[in-house]
Amino acid sequence: MENERIESYKESMESIKFSDYEKEHMVHQIMNGGATNGGRMKGKLDIKKLGITIAACLTLFSVTALAAGEAVSIVGGNIIGTRTSSFEDLPKIEEKAGMDIIAVESFSNGYTFKHMEVEEAKTQDAEGNDLRHFKGIDLTYIKEGCPDIYIDMNPAEMYSGSYDSDTAAKEIDGVTVHYNYDEYLNLPDGERPTEEELQRAETDKHFYISDGGSDHRYTSYVSAASFEIDGIIYCILGFDLDMTADELFDMAEEIITVR
């Protein structure tokens, strides 16, 4: 048991410093294409640029200077000791998070439940003052030979933003599901993006630059589908998935129709 706790702690620390734009376990968050017009990210996640699919995965991003008392960023992570690999523990996880969620143990595409845990987040103002605290639930699903898929559930009141930059959207049983496919350029400390990359970050709603935090220059592609049910935002996401928008819509439908 102690070894499991130590391992869980190590994973949490690694995920927190994973890179300036993601928290690979969640990687917890990708919202509506993130920034309104793409952009560079460093430090805390700018709540003004959030769209509903990268708030459960993102942790430390850049902040836009706004008046004290106004939420501009979200900082969060998983709660040590809450992880369980038993789907039967869902009621206990819901009780710890104070949430009533919809979840499935497996999907028709072969992805199956691996583990889940409670996560917590807080909104902060431009001066770093804590404003509100929230708890959420994160589930991880696996499939042999494929990247993991994460499903985060968080209170909708934690987020703000619009859906005008969706890659695609679909109405499923009265619920609007928002799909986004975003490209993230990760740069090591000391490396500057090119002028072309900076220009693209200003004009491409689905291209982001993360300055520092990685060992080398590389590009990641994030696929995410998000929707709201009964005041809870559900975010299905994965990194470098070989899946189409329709396939993520299908996963969302399997959750929605369980209601």
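Only a predicted model underlies this, so the values are computations on that prediction, with no experimental measurement involved. (Residues numbered from 1 in each chain as written. Predicted model: local features only at pLDDT ≥ 70, side-chain atom pairs only at ≥ 80, totals over all residues. Heavy atoms only, no water.)

J.: Give a description of a negative patch on the surface that names residues and reports values.
T.: A surface patch of negative charge is lined by D242, D246, E247, D250 and E253. Looking at where D250 falls in the secondary structure, it is placed in helix α4 (residues 245–256). Judged by relative accessible area, D250 falls into the partly exposed class, the value being 37%. (Patch = residues over 30% accessible without salt bridge, like charges linked within 9 Å, V, L, I, M, F, W, Y side chains within 5 Å. Areas by Shrake-Rupley, 256 points an atom, 1.4 Å probe, with all protein chains shown as cover. Salt bridge = Lys/Arg side-chain N within 4 Å of Asp/Glu carboxyl O. Lys, Arg positive; Asp, Glu negative; His and termini not counted. Charge placed at Lys NZ, Arg CZ, Asp CG, Glu CD. Helix = DSSP H or I, 4+ residues; strand = E, 2+ residues; numbered from the N terminus. Buried < 20%, exposed > 50% of the residue type's maximum accessible area, 1.4 Å probe, protein only.)

J.: Help me get a handle on the packing of aromatic side chains, residues and values and all.
T.: For the structure on display, the rule yields 7 aromatic pairs. Ring centres 6.3 Å apart and planes at 75 degrees place the aromatic pair F113 and Y141 in the edge-to-face group. Separated by 28 residues along the polypeptide, F113 in strand β4 (residues 112–124) and Y141 in strand β5 (residues 130–142) bring together distant segments of the chain. Residue classification places Y141 among the buried positions, given a relative accessible area of 1%. Considering the side-chain rings of F227 and Y234, the 5.1 Å spacing of their centres and the 5 degrees angle between planes classify their relative orientation as stacked. Joined through ring pairs, the aromatic side chains of F87, F107, F113 and Y141 make up one cluster. Sitting over the face of the ring of F207, R200 holds its NZ or CZ atom 4.0 Å from the ring centroid. (Phe/Tyr/Trp six-rings, centres within 6.5 Å; stacked < 30°, edge-to-face > 60°. Lys NZ or Arg CZ within 6 Å of the ring centre and 35° of its normal.)

J.: Report on the pattern of salt bridges, specifying residues and quantitative values.
T.: Side chains that differ in charge, positive against negative, can pair when their charged atoms come close. Following the criterion strictly, the structure yields 8 salt bridges and no others. Residue R217 pairs with E191 through a salt bridge whose shortest N-O separation is 2.6 Å. Pair noted here: R217 is in the loop between β9 (207–214) and β10 (218–229) and E191 is in the loop between β8 (175–188) and α3 (195–203), with a separation of 26 residues, a long-range link. With relative accessibility at 34%, the residue R217 sits in the partly exposed group. For R217, the salt bridge goes to E197, with nearest N and O atoms at 2.7 Å.

J.: I'd like to hear about helix α2 (residues 90–97), residue by residue, with values.
T.: Turning to α2, its buried residues number three or more, namely L90, I93, E94 and A97. Down the axis, α2 shows its buried residues gathered within 100 degrees of arc, on one side only. The exposed set on the far side of α2, more than 90 degrees from its buried face, consists of P91, K92 and E95. Residues of α2 that are buried sit in contact with β4 and β5. Looking one or two residues past α2, G98 carries a phi angle of roughly 70 degrees, positive in sign. (Arc of directions from axis to C-beta. Contact = heavy atoms within 4.5 Å.)

J.: Requested: an account of the environment of Y150, with residues and values cited.
T.: Note that Y150 resides in strand β6 (residues 149–155). Residue Y150 is classed as buried on the basis of its relative accessible area, which comes to 6%. Placed 89 residues apart in sequence, Y150 and F239 show a C-alpha to C-alpha distance of 9.4 Å.

J.: Now, about the nonpolar core: what can you tell me, with residues and values included?
T.: Most often, soluble globular proteins keep nonpolar side chains buried together rather than apart. Membership of the largest hydrophobic core comes to 39 residues, with the highest contact counts inside it found for I101, L139, M153, F227, Y234 and I236. Per-element accounting of this core gives the leading share, 7 residues, to α4. Setting aside its immediate chain neighbours within four residues, I236 contacts I149, Y150, I151, S223, A224, A225, F227, L248, M251, A252 and I255. (Core = buried A, V, L, I, M, F, W, Y, C linked by side-chain atoms within 4.5 Å.)

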